[in-house]
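Residue strings, one per chain:
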Amino acid sequence: GVRFREPPFTPERILKGLRGEAPATPQSLPAPAAPPPSRNWENPFARRAGIFATIAAVCTAAIGIGAALLPGRAIAPIARPDASVYSAATIARGEQLAALGNCAECHTKIGGAPNAGGRALETPFGTIYATNITPDVVTGIGAWSYPAFERAMRDGLHRDGRQLYPAFPYTHFAKTSDADLQALYAYLMAQPAVRATTPANALAFPFNLRPLLAGWNALFHRTHEFKPDPSRSEAWNRGAYLIESLGHCSGCHSPRNALGAEQRNAYLAGGFAEGWEAPALTSLSHAPIPWSEEELYAYLRTGHSRYHGVAAGPMAPVVRDLKALPDQDIRAMAVYLNSFNDTADTPAPDALAAKLESATQVTVASSAGARLYQGACAVCHEVGGLPLFGTRPSLALNSNVHSTKADNLVQVILHGIADPVSSDLGYMPAFRNSMSDAQVEELVTFLRKQFAPDKPAWTGVRETISRVRSSTH
Ligand code: HEC
Ligand code: HEC
Ligand code: HEC
């Protein structure tokens with residue numbers, strides 16, 4: 001907390017407050033309602049109402065800073081650029097970059113025209129609608145010059161100078177090279193213009209005040225471009241660039257602080273998105289078999305790793321989008337990510353997999369949970385079972401069964417996998433209509449004990465189940 005009626009407000013002071021070094025005075029501000037599962041923003045702390053009040057207090061303080069900083073000036077509108085001036089190669093490059101940045105994933109509403117906006121992003125601060133980024137001059141970005149586009153991508157400012165919410169990952173996009181931003185602009189301008197007005201955001205006070213985002217940026221946004229590390233390989237630097245800039249992987253895979261900013265000192269240490277846990281991608285991973293460059297490559301290229309599982313939930317569209325990128329870019333990402341692993345004495349994965357799988361074979365159904373497993377899951381997931389259509393991920397090796405949180409396992413059981421990365425991975429049925437909360441709890445408790453015997457039992461499974469059941473994902 002920060003004493004927000006006590007100027008002057010400096011970033012140091014607010015950071016001090018965030019670390020809890022000053023008493024909170026939040027009572028006078030309304031706390032927004034409990035958050036629904038959100039895209040990219042959710043973190044476990046945000047559920048605590050007290051934190052909301054603190055956020056409100058800090059944001060109000062940030063207005064003080066915000067008002068003094070970055071007075072966004074308007075950049076004059078232009079006539080819609082003639083996309084025929086761009087080469088086909090530039091536009092094709094831009095298309096790959098748009099896929100890497102998942103632009104259409106956020107900027108398209110269900111059943112809507114690509115990039116025409118209107119998709120609601122739930123954040124702990126309220127609902128933010130992704131805007132229309134087709135080249136329509138009235139409702140889209142058709143009247144935006146390249147400098148206006150670049151400024152939005154690097155500084156998070158609308159063409160008219162207003163601050164944009166960091167639910168738009170400009171904090172990552174800022175690291176993109178000029179050449180890549182130009183190709184992205186060319187691609188966007190070459191797409192069909194769609195007239196579609198974005199609905200107004202529904203954010204509680206004080207989050208509805210855009211100027212205070214200048215304060216947020218002063219605290220958390222670094223605008224500089226990506227700088228290669230000369231002591232690392234070319235592939236590592238390429239991977240780092242793709243992942244840190246347009247790829248915005250840490251947007252989901254890093255934890256966030258109470259103001260929704262990624263925690264720099266916990267880079268890729270695991271976060272939350274859309275009611276799913278985005279696991280740690282570092283040596284903090286709970287995967288029973290350590291990740292390797294080979295398996296990271298397989299997972300990012302195909303959506304499946306024999307030793308870990310599949311890319312489901314919010315990770316499935318990410319991998320589907322990555323299909324647009326060439327193999328060497330995916331390889332570079334794997335090289336970079338693997339450098340966060342502790343690869344000192346990694347056992348041979350084959351032998352370890354065989355050991356883990358044979359030690360966890362279900363022989364007798366001695367509990368209600370085991371009977372549910374045998375009736376509902378074993379036909380597709382039993383090791384050594386009949387080869388069926390699809391990937392049949394091994395539960396003894398699955399990251400989600402070994403995590404500290406039951407969320408992803410519960411997601412998969414209740415909602416199934418209706419939209420796999422590719423149809424040859426197979427579909428998994430949803431069990432929300434065929435199992436009660438009590439049954440799912442029995443099953444989840446059994447799966448944890450059986451397939452992750454070295455890990456402690458999960459707590460709060462029942463609450464997780466009711467939360468996941470009421471979410472739409
Ligand atoms: C995680 C979701 C998400 C992703 C991914 C995303 N955006 Fe956005 N974007 C948003 C949201 C939300 C806004 C609106 C922010 C606001 O209103 O303050 C926005 C706003 C913008 C704006 C400003 C438009 C305006 O009218 O103010 C531009 C330009 C933009 N995005 C381009 C892109 C591009 C290009 C990509 C892909 C490289 C991309 N976005 C990927 C969520 C996203
Ligand atoms: C929208 C949020 C989101 C974004 C963006 C995202 N991920 Fe993920 N990622 C997830 C979720 C959720 C999972 C868990 C999926 C599952 O278990 O089915 C996951 C799983 C993974 C895993 C497997 C981890 C494990 O131990 O099983 C890897 C590797 C990974 N992501 C890499 C990446 C990379 C690289 C990027 C950027 C190109 C990225 N992710 C971007 C949400 C995201
Ligand atoms: C009809 C076959 C089938 C049944 C029945 C089935 N699954 Fe699956 N399951 C799959 C397939 C196929 C996948 C991989 C889907 C994909 O991503 O393409 C999968 C994936 C999974 C994953 C990995 C998810 C991840 O993100 O890595 C888990 C965990 C899982 N199933 C658990 C279960 C449990 C528990 C049951 C019983 C309640 C069950 N499955 C029943 C076919 C099945």
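You'll find the structure just up there.
Note that this is a predicted model, so its numbers are computed, not measured.

J.: For this particular structure, what's the right way to read the packing of aromatic side chains?
T.: We describe a pair of aromatic rings using the distance from one ring centre to the other and the angle between the two ring planes. A full pass over the atoms with the stated rule returns 13 aromatic pairs. Centroid distance Phe149 to Tyr185: 5.5 Å. Interplanar angle 45°. Geometry classified as tilted. Of the two residues, Phe149 is situated in helix 5 (residues 146-155) and Tyr185 in helix 7 (residues 178-189); the sequence distance between them amounts to 36 residues. The exposure classification of Phe149 matches that of Tyr185, with both residues buried. Within the aromatic cluster, the residues linked to one another by ring pairs are Trp236, Tyr267, Tyr336 and Phe340. Over the aromatic face of Tyr297 sits the side chain of Arg331, whose NZ or CZ is 4.1 Å from the ring centroid.

J.: What is the right way to look at the site of ligand 3 in this model?
T.: Around ligand 3 there are 26 residues in total, and Cys377, Cys380, His381, Gly426 and Met428 lie nearest to it. Contact distances for ligand 3 include 3.1 Å between an oxygen atom and a side-chain N or O atom of Asn400. Separating an oxygen atom of ligand 3 from a backbone N or O atom of Leu425 is a distance of 3.5 Å. Listed by contribution, the elements that provide at least two residues to the shell around ligand 3 are strand 7 (309-310), helix 16 (378-381), helix 18 (407-415) and helix 19 (437-451). Of the residues forming the shell around ligand 3, the biggest block, 3 residues, is contributed by helix 18.

J.: Is there a simple way to think about the environment of Arg467 in this case?
T.: Relative to the elements of secondary structure, Arg467 occurs in helix 20 (residues 461-470). Note on Arg467: relative accessible area 29%, which makes it partly exposed. It is 8.5 Å that separates the C-alpha atoms of Arg467 and Gly275, two residues lying 192 residues apart in sequence.

J.: What exactly am I supposed to notice about the packing of helix 18 against helix 19 here?
T.: When two helices pack together, their arrangement is captured by the angle between the axes and the distance separating the axes. Running from amino to carboxyl end, helix 18 crosses helix 19 at an angle of 130°, the nearest separation of the two axes being 11 Å. The pairing of helix 18 with helix 19 is recorded here as oblique in orientation. The handedness of the crossing between helix 18 and helix 19 is right-handed. On the side of helix 18, the interface is formed by Leu409, Val410, Ile413 and Leu414, while helix 19 contributes Val440, Leu443, Val444 and Leu447. The residue makeup of the contact of helix 18 with helix 19, split by class, is 8 nonpolar, no polar and no charged.

J.: Would you mind showing me how to read the coordination of the iron atom of ligand 3 here?
T.: Around a metal, the idealised angle for a tetrahedral arrangement of four donor atoms is 109.5 degrees; for an octahedral arrangement of six donor atoms it is 90 or 180 degrees. Donor atoms from the polypeptide that coordinate the iron atom of ligand 3 comprise His381 (NE2) and Met428 (SD), at 1.9 to 2.2 Å from the metal. Here the iron atom of ligand 3 binds 6 donor atoms, and the angle range of 84 to 179° at the metal identifies the geometry as octahedral. Here His381 is found in helix 16, whereas its partner Met428 is found in the loop between helix 18 and helix 19, with 47 residues between them in sequence. Of the residues examined, His381 reaches a relative accessible area of 15% and is grouped as buried.

J.: Got a minute to help me understand the environment of Ile110 in this structure?
T.: Among the secondary structure elements, Ile110 is positioned in the loop between helix 4 (103-107) and strand 1 (120-123). Judged by relative accessible area, Ile110 falls into the exposed class, the value being 89%. As for Ile110 and Ala120, which are separated by 10 residues in sequence, their C-alpha atoms are 10.0 Å apart.

J.: Even after reading the chapter, I still don't get the site of ligand 2, so can you show me in this structure?
T.: Looking at ligand 2, there are 26 residues lining it, with Cys249, Cys252, His253, Met315 and Ser399 nearest. The backbone of Val310 places a nitrogen or oxygen atom 3.1 Å from an oxygen atom of ligand 2. A distance of 2.9 Å separates an oxygen atom of ligand 2 from a polar side-chain atom of Asn400. Those elements giving two or more residues to the shell around ligand 2 turn out to be helix 10 (250-253), strand 5 (276-278), helix 11 (293-302), helix 12 (315-322) and helix 17 (399-402). Partitioning the shell around ligand 2 into residue classes produces 18 nonpolar, 6 polar and 2 charged. Shared between two domains, the shell around ligand 2 takes at least three residues from each, and those domains are domain 2 (235-338) and domain 3 (349-470).

J.: In this structure, what is going on with the pattern of salt bridges? I would like to understand it.
T.: Proximity of charged atoms lets side chains of opposite charge pair with each other. Under the definition given, this model contains 20 salt bridges. Residue Arg301 is joined to Asp327 by a salt bridge in which the shortest nitrogen-to-oxygen separation is 2.7 Å. With Arg301 in helix 11 and Asp327 in helix 13 (residues 327-338), this pair connects stretches of sequence that are 26 residues apart. Put simply, Glu150, Arg154, Asp178 and Glu225 are held in one network by salt bridges that share partners.

J.: Looking at this structure, how should I read unusual backbone geometry?
T.: What you tend to see is this: most non-glycine residues have negative phi, and most peptide bonds are trans. Of note, the bond from Phe205 into Pro206 is cis; its omega dihedral lies within 30 degrees of zero at 5°. Structurally, Pro206 is set in the loop between strand 3 (202-203) and helix 8 (212-220). Although it is not a glycine, Asn115 sits at a positive phi angle of roughly 65°. Following the sequence through the fold, Asn115 ends up in the loop between helix 4 and strand 1. Given a relative accessible area of 8%, Asn115 falls into the buried group.

J.: Can you walk me through the nonpolar core in this structure?
T.: Side chains of nonpolar character tend, in soluble globular proteins, to be buried together. In terms of nonpolar packing, the biggest core is built from 52 residues, with Phe149, Leu184 and Leu300 touching the most fellow members. Residue assignment for this core shows that the elements contributing at least two residues are helix 3 (88-100), helix 5, helix 7, helix 9 (234-244), helix 11, helix 12 and helix 13. Considering every element that reaches this core, the biggest residue donor is helix 7, with 8 residues. Residue-level mapping places this core at the junction of two domains, with at least three residues from each of domain 1 (83-202) and domain 2 (235-338). Setting aside chain neighbours within four positions, we find Phe149 in contact with Ile141, Trp144, Leu181, Leu184, Tyr185 and Leu188. Core analysis: the next-biggest nonpolar cluster, separate from the first, contains 27 residues, Leu372, Cys377, Ile413 and Trp458 among them.

Reading the values: rules and limits
Here the residue index of a chain counts from 1 through its sequence in written order. Lettering of chains starts at A and numbering of ligands starts at 1, both following the order in which they are written. At least 70 in pLDDT is required for a residue's local features to be given in this predicted model, at least 80 for side-chain atom pairs to be given and counted, and no such filter applies to totals for whole chains, interfaces and linings, which use all residues. Side-chain numbers come from the whole structure's heavy atoms, not from hydrogens or water. Only the six-membered ring of Trp is used, alongside the rings of Phe and Tyr, when aromatic pairs are assigned; centres must lie within 6.5 Å, and planes under 30 degrees apart are stacked while those over 60 apart are edge-to-face, with the rest tilted. In this description a helix means any DSSP run of H or I spanning at least four residues, a strand means any run of E spanning at least two, and both kinds are numbered starting from the N terminus. Note on exposure labels: buried denotes an accessible area under 20% of the residue type's maximum, exposed denotes more than 50%, and partly exposed covers the range between, all computed with a 1.4 Å probe on protein chains only. Sitting over a ring, as applied to charges here, requires NZ of Lys or CZ of Arg to be within 6 Å of the ring centre and within 35 degrees of the ring normal. Throughout this document, a residue counts as near a molecule or strand when at least one of its heavy atoms sits within 4 Å of that molecule or strand. Here a polar contact is recorded for every N or O atom pair within 3.5 Å, except that within protein the pair must consist of a potential hydrogen donor and a potential acceptor, and residues adjacent in sequence are included only if both atoms are side-chain atoms. Each axis is a line fitted through C-alpha atoms, taken for helices only over the stretch in contact, and angles between the N-to-C directions span 0 to 180 degrees. Should an angle lie under 35 degrees it is considered roughly parallel, over 145 roughly antiparallel, and from 65 to 115 roughly perpendicular; all remaining angles are considered oblique. Rotating anticlockwise by less than a right angle from the far helix to the near helix defines a left-handed crossing, while the corresponding clockwise rotation defines a right-handed one. Should any heavy atoms of two residues lie within 4.5 Å, those residues are counted as being in contact. In this classification, Asp, Glu, Lys and Arg are treated as charged, Ala, Val, Leu, Ile, Met, Phe, Trp, Tyr, Cys and Pro as nonpolar, and every other residue, Gly included, as polar. Only N, O and S atoms count as donors, using a 2.8 Å limit from the metal and a wider 3.2 Å limit for Na, K and Ca, and since water is excluded some coordination spheres may look unfilled. Square planar and octahedral assignments, for four and six donors respectively, both demand that opposite donors be over 155 degrees apart and that all other angles lie between 65 and 115; tetrahedral needs four donors with all angles between 85 and 135 degrees, and anything else is irregular. What marks off one domain from the next here is an automatic or database domain assignment. Criterion for a salt bridge: a side-chain nitrogen of Lys or Arg within 4 Å of a carboxyl oxygen of Asp or Glu. By nonpolar core we mean a set of buried residues, namely Ala, Val, Leu, Ile, Met, Phe, Trp, Tyr and Cys, connected to one another through side-chain atoms within 4.5 Å.

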